[in-house]
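Summary of structural features
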Amino acid sequence: MTYLDHAATTPMLPVALAAMTEQLARVGNASSLHASGREARRVAEQSRERLAAALGARPSEVLFTGGGTEGDNLAVKGLYWARRTADQGRRRIVASPAEHHAVLDSVEWLEKHEGAEVTWLRVEPTGRVTADALADALGDGGDVALATVMWANNEIGAVSDLTALAAVAHEVAVPLHTDAVQAIGQSPLDFAASGVDALTMTGHKVGGPMGAGALLLRRDAECTPLLHGGGQERDVRSGTLDVAAIVGLAAATHATVADRAERTARVAALRDRLVAGVVTEVPDAQLNGPPLDDVVAGGPGRLPGNAHLSFPGAEGDALLMLLDARGIECSTGSACSAGVARPSHVLLAAGADPARARSSLRFSLGHTSTDADVDALLEVIGPVVERARRAGTGRR
Amino acid sequence: MRLIAAMSGGVDSAVAAALAVEAGHDVTGVHLALSPDRQTLRSGARGCCSVEDSHDARRVADELGIPFYVWDLADRFREDVIDDFVAEYAAGRTPNPCLRCNEKIKFSAVLDRARALGFDAVVTGHHARLADGELRRSVDPAKDQSYVLGVLTAEQLAGAVFPLGSMTKERVRELAAERGYAVATKPDSHDICFISDGDTRGFLARKLGEQPGPVVDAATGQTVGTHAGAHGFTIGQRRGLGVTVGDQRPRYVLGIEPVSRTVTIGTADQAEVDEVRTGTPTWTGPVPDLPFRAQVQLRAHAAPVACEVSLAEDGGLCLVLGERQRGVAPGQSAVLYAPDAERGDLVLGQGTVMRAGERPETALS
């Protein structure tokens, strides 16, 4: 099996698996007052401190969540509600159209049900949002509830300069949320130094468990809760802490941040070989997103493990199926709830035509990727594309 | 063989896929997304390709451990099946969308794509027997679907596998239950999949709008009423005509003339025909020597009747029926069978009904 879908989920790191397994065997609710509860709380709070240290946040800025989707929903809706409550004139949301659906759909829900107005940001052909685009959209910021721009795009790997974007937002006193699910352990990232007000991350993209994540929320950011109850997380998020998952999340985040430079250099080299090899086998394949050697704010302008390519004349879902049959696992853009492939909204937002969007595949490498994985893909990609082209696009 | 299993989410296609896997074939499951307005949940026995159906199909594929994908054929389905359905009614004919879907989608668009991707054939849960290129009725007469497959050519049938033709529906459900599939007790689907509320007349009225016209009684030659749209009528229809005539004899729809929107009705004897003309026929195997004697089925679920088949001068078929028939509607398929009680009636081919009437000799005598 050749796993080239690390952006969907990446294997758990052994340190995270070990820490989590050990904790799973222990009893204790971190909210209980007795000894078992105190011990669970000690472990959870130690993990909070560890996670905060890895990401440049204070422990009190870490809110544990059920993952990326919850973090995005909580930040977008919670900031919107809090800002609107403080000033009824603040109803505008400034968002990138290339966001993950957890953000996009939250924004659109607020537009439909909560009186929000939405300004969609201009996106560069690379998929990046620039400080100029954000400044243009914010105007004087007086009517804006929040802005939200992802740190790194999950489909085409474009990294934006969140430090510059936060500076622009703060000039007009607008809070900025960023979905950094794909960026942790991939881009140099420091929450405090970036200035962003809220940052979503999740465990299973960094070698931790699924169903566990965190929202980093500045202490001065007002955020209305989605989940009411015990008030465990700063009264912004309720629910019994999943201590074992939190331990795994913190262990994985710590490890992935610690070895980032060495690992991403190795993964980027593999990715570069993959892209060069695919273009050799399929000369008219087109790379989507930023150039491989792109630089933004002194770091990589493209996620090191991301290769996103279009194969003109072939359907992405036919390519995926043919590769799957040959033991190679990758991904097309998004699919609707019934599983119907849709042209990538990210590529469309970046100005690609629908045909190019439909003919694309994402290969994403990660910590377990090897030269053999790249070789396995390069061995079959030529004949696979040729066969998919014979099957055509199914359209007339 | 390398097979694509078309999996609707129903029990038949689930068991068909399972039997193909168990027979040792290399099977990939595909759910066809056909509906332009996908419903989240299935409503009773109606509709298809809802999110729930897609989930049901995926569950079975996952249990079988086979790859599973959703193919979006909504555009092709709209053009070849739904638009055709509406256009046929607008032209005063009575189409069969299931037949059209088999002809144009399952054993054309899907089969072509499967073949291009390196597969040998498409396996479906249709109730019909297919062996050595011969298409025959299912052993379960109540579930037999050979009528809506009669339009397939030898070339299409060479790319089809029907594992369920030699078993009853009851047996199919048993096999599903034995394998632990939740769809074992899922209701059968009925009606037209893209009309989720089952109201065909309402669907056509929305698509075609109000198109009033006269209702003429052939028995008296008089206009006896008006209707809101000729698409609400089918040849042979007796109920819901919305007119009253002087005598007490029942009236049937005899003809629909789309330009003047005239719906002609008449008495039972006027509604009966013994000669049917079809368009250019298709054959499931080698073209038979004409003329020949066969049985013909003139609509889904109708009893077959003996007939003599000859070639008409326009390249279509002339079918002289052994018994007079009511409700022979242009647009329906006249499927020809060679009776075979032992192995199942053999489907020879079909032609689309163009017109039906009285044999000239009969009229003269």
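Within each chain, residues carry numbers counting from 1 in the order of the written sequence. Lettering for chains starts from A, numbering for ligands starts from 1, and both go in the order in which the items are written. Given that the model is predicted, a residue must reach a pLDDT of at least 70 before its local features are reported, and side-chain atom pairs must reach 80 or more before they are shown or counted; all residues, however, enter totals for whole chains, interfaces and linings.

Glancing now at the sheet that holds strand β5 (residues 144-148) of chain A. Pairing between the strands of a sheet comes from backbone hydrogen bonds, and it takes one of two forms, parallel or antiparallel. Residue and element names in this part refer to chain A. An order of β2-β8-β7-β6-β5-β3-β4 is seen for the seven strands of this open sheet, with the pairing classed as mixed. Unpaired on one side and paired on the other, β2 (62-65) and β4 (117-120) mark the two borders of the sheet. Averaged over neighbouring strand pairs, the angle between their axes works out to 20° when direction is ignored. In this structure, strand β3 (residues 92-95) lies alongside β4, joined through four bridges in parallel fashion. Its bridge partner lying in β4, I93 is registered against V118. In this description, a residue-residue contact is defined by the distance between C-beta atoms placed from the backbone, which must lie within 7 Å. To obtain an axis, a line is fitted to C-alpha atoms, over the contacting stretch when the element is a helix, and the angle between two such axes runs from 0 to 180 degrees between their N-to-C directions. Only DSSP runs of H or I covering at least 4 residues are called helices, and only runs of E covering at least 2 are called strands; the numbering of each starts at the N terminus. Here helix α3 (residues 68-86) sits on the sheet and contacts β2, β3, β5, β6 (176-179), β7 (198-202) and β8 (213-217); the angle it forms with β7, its principal contact strand, is near 160°. Any two strands between which DSSP finds at least two bridges are classified as paired.

Once that is clear, we can look at the UniProt feature "domain: tRNA-specific 2-thiouridylase MnmA-like central" (unreviewed entry) in chain B. UniProt positions are given in the numbering used here, feature names are shortened, and annotations may be inferred rather than shown by experiment. Using the residue numbers shown here, the UniProt feature "domain: tRNA-specific 2-thiouridylase MnmA-like central" (unreviewed entry) corresponds to residues 202-266 of chain B. The annotated region residues 202-266 of chain B carries 11% helix and 34% strand content, and the separation between its end C-alpha atoms amounts to 25 Å.

It is worth spelling out the domain arrangement of chain B at this point. All names here are of chain B. Boundary definitions for the domains trace back to an automatic or database domain assignment. For chain B, the assigned domains read domain 1 (2-185), domain 2 (210-266) and domain 3 (271-364). Measuring from the centre of the C-alpha atoms in domain 1 to the corresponding centre in domain 3 gives 27 Å. Domain 1 puts 22 residues into the contact, and the matching count from domain 3 is 18 residues. When contributions to the side of domain 1 that touches domain 3 are tallied by element, the ones reaching two or more residues are β6 (134-137) and α5 (154-157). The biggest single contributor to the side of domain 1 that touches domain 3 is β6, with four residues. Counted by class, the side of domain 1 that touches domain 3 contains ten nonpolar, six polar and six charged residues. As a working rule, the residues Ala, Val, Leu, Ile, Met, Phe, Trp, Tyr, Cys and Pro are called nonpolar, Asp, Glu, Lys and Arg charged, and the rest polar, with Gly in that last group.

Residues and elements named next belong to chain A. Its domain assignment divides chain A into domain 1 (2-9 + 260-391) and domain 2 (14-257). A C-alpha centroid distance of 27 Å is found between domain 1 and domain 2. Residue-level contacts link 27 residues of domain 1 with 30 residues of domain 2. Among the elements of the structure, α9 (260-281), β11 (299-300), β12 (306-310) and α11 (345-349) are those that each provide at least two residues to the side of domain 1 that touches domain 2. Among the elements that line the side of domain 1 that touches domain 2, the one with the most residues is α11, at three residues. Within the side of domain 1 that touches domain 2, the residues separate by chemical class into eleven nonpolar, 13 polar and three charged.

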